[in-house]
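# Coordinate inspection notes
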Amino acid sequence: MSEDLRLDDLAVALRVLRLLAVDFGHLAAPDVQVSPIFPERLRLSFHDDLPGFEAWREALGIAPQDVNGHVQSGGRTRVLQASATLADAELELIGFGKVPAPASAGCVA
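So, here is what we can say about the structure in this document. (Residues numbered from 1 in each chain as written. Predicted model: local features only at pLDDT ≥ 70, side-chain atom pairs only at ≥ 80, totals over all residues. Heavy atoms only, no water.)

## Section: the overall build of the protein
Regarding its fold elements, the protein presents two helices and five strands. Secondary structure of the protein in N-to-C order comes out as α-β-β-α-β-β-β. Relative to the compact-globule value of 13 Å for 109 residues, the protein shows a C-alpha radius of gyration of 17 Å, a clear excess of over 25%. Structurally, the protein occupies a C-alpha span of about 65 × 30 × 25 Å along its principal axes. (Helix = DSSP H or I, 4+ residues; strand = E, 2+ residues; numbered from the N terminus. Rg over C-alpha atoms; globule rule 2.2 N^0.38 Å.)

Okay, structure coming up:
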């Protein structure tokens, strides 16, 4: 990261954000991150909203097989990650969702 970085240096990521707002404004609003550490990266995060992640993945044309997934927090949180390049920006999609607790064997309803 440069000490001399200006807002103009984030233009690639911000331009993509503007395009996404115009083209996909009807989709769920993500948490948006643009950082001077990675000035050409735009990160869209979905917390407790895997359906929102999936809607964006599909809208952006990211194939399901290009999604990486894992669990964290002792197996309680599912994490889905995908990336794409759009208008020279690296677009990172990340979704977090709860892993359903397994039904207890032998429970009487």
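## Looking at the packing of aromatic side chains
Taken as a whole, this structure holds two aromatic pairs when the rule is applied. Judged by centre distance (5.7 Å) and plane angle (65°), the rings of Phe24 and Trp56 are edge-to-face. You can see Phe24 sitting in the loop between α1 (11-23) and β1 (31-34) and its partner Trp56 sitting in helix α2 (residues 50-59), a full 32 residues away along the chain. Judged by relative accessible area, which is 4%, Trp56 ranks as buried. For the pair Phe46 and Trp56, a centre-to-centre distance of 6.4 Å together with 40° between the ring planes defines the contact as tilted. A residue pair is termed long-range when its members are at least 10 positions apart, and Phe46 in strand β2 (residues 41-47) and Trp56 in helix α2 qualify at 10 residues. Among the aromatic side chains, those forming a connected cluster through ring pairs are Phe24, Phe46 and Trp56. Taking the ring centre of Phe38 as reference, the NZ or CZ of Arg41 above it sits at 4.0 Å. (Phe/Tyr/Trp six-rings, centres within 6.5 Å; stacked < 30°, edge-to-face > 60°. Buried < 20%, exposed > 50% of the residue type's maximum accessible area, 1.4 Å probe, protein only. Lys NZ or Arg CZ within 6 Å of the ring centre and 35° of its normal.)

## Concerning unusual backbone geometry
Not every positive phi belongs to a glycine, and Asp48 is a case in point at roughly 55°. Looking at the element boundaries, Asp48 is found in the loop between β2 and α2. The residue Asp88 is not glycine, and still its phi comes out positive at about 70°.

## Describing the sheet that holds β1
What the five strands build is an open sheet, ordered β1-β2-β5-β4-β3; its pairing is mixed. On the outer flanks of this sheet lie β1 and β3 (68-72), each paired with one strand and no other. Each strand axis lies, on average, 20° off the axis of its neighbour in the sheet, ignoring direction. Sheet topology places β3 next to strand β4 (residues 77-86); five bridges connect them, and they run antiparallel. Bridge pairing links Gly69 to Leu80 in β4. Relative to the sheet, α2 contacts β2, β4 and β5 (89-98), its axis offset from that of β5 by approximately 150°. (Pairing = 2+ DSSP bridges. Axes fitted to C-alpha atoms, helices over the stretch in contact; angles between N-to-C directions. Contact = heavy atoms within 4.5 Å.)

## Describing the pairing of β1
Look at any regular strand and the pattern is simple: side chains alternate between the two faces of the sheet. Where β1 meets β2, four bridges bridge the pair, whose relative direction is antiparallel. Note on β2: the bridge partner recorded for Val32 is Leu44. The loop that links β1 with its antiparallel partner β2 comprises six residues.

Function cannot be read off these values alone, since they describe shape.
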